[in-house]
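Now for the letters of each chain:
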Amino acid sequence: MHHRQGFEQTHPSERDMYFSSLPQQQDIKSESEKPKKPKKVKHEDDDDKRRRFLERNRQAASKCRQKKKMWMQELEQKSAEVFARNRDLMMLTTTLQEQIAHLEQELAAAKSGCTCQHK
């Protein structure tokens, strides 16, 4: 309290000079805060950032769809090749089974017509 009494006794012009030399409340606030971009600029930056993100995402999705399309075409081609190979092998199996049956008939005919002693 003692300090305050002495302050009140000072000359009014000295008090005014003292208070005018102190930073104003708004000055203190502005000094403690970092300068900020105006909201509109930040909003535009966010919009630009979002647009760039969406564009990159579109490109990535397009690339992914193209890659999937190529993969499906290769898969369909391999599938067609496997089916063709399977068909060829089934035909070969049928041909070989027919040959086996024919040879067994010839062998049976040869055995029945043969007069020699086979064990």
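Up top you'll find the structure we're talking about.
Residues numbered from 1 in each chain as written. Predicted model: local features only at pLDDT ≥ 70, side-chain atom pairs only at ≥ 80, totals over all residues. Heavy atoms only, no water.

*Asks:* Is there a simple way to think about the overall build of the chain in this case?
*Replies:* When helices and strands are tallied, the chain shows four helices and zero strands. Mapped in sequence order, the helices and strands of the chain form the string α-α-α-α. Buried residues in the chain amount to 0% of all 119 residues. For the chain, the accessible surface area stands at approximately 12200 Å², while carbon and sulfur atoms represent 57% of it. (Helix = DSSP H or I, 4+ residues; strand = E, 2+ residues; numbered from the N terminus. Buried < 20%, exposed > 50% of the residue type's maximum accessible area, 1.4 Å probe, protein only. Areas by Shrake-Rupley, 256 points an atom, 1.4 Å probe, with all protein chains shown as cover.)

*Asks:* Even after reading the chapter, I still don't get a nonpolar patch on the surface, so can you show me in this structure?
*Replies:* Nonpolar side chains collect at one region of the surface, where Trp71, Met72 and Leu75 lie side by side and expose about 300 Å² of accessible area between them. Secondary-structure assignment places Trp71 in helix α4 (residues 39-113). (Patch = residues over 30% accessible without salt bridge, like charges linked within 9 Å, V, L, I, M, F, W, Y side chains within 5 Å. Salt bridge = Lys/Arg side-chain N within 4 Å of Asp/Glu carboxyl O.)

*Asks:* Which parts of the structure should I look at to understand the pattern of salt bridges?
*Replies:* Two side chains with opposite charge may pair up if their charged atoms get near one another. Evaluation of the coordinates by the stated rule reveals three salt bridges. Put simply, Asp88 and Arg87 hold a salt bridge, and the shortest N to O gap is 3.4 Å. The partly exposed category is assigned to Asp88, whose relative accessible area is 39%. For Arg87, a relative accessible area of 48% translates into the label partly exposed.

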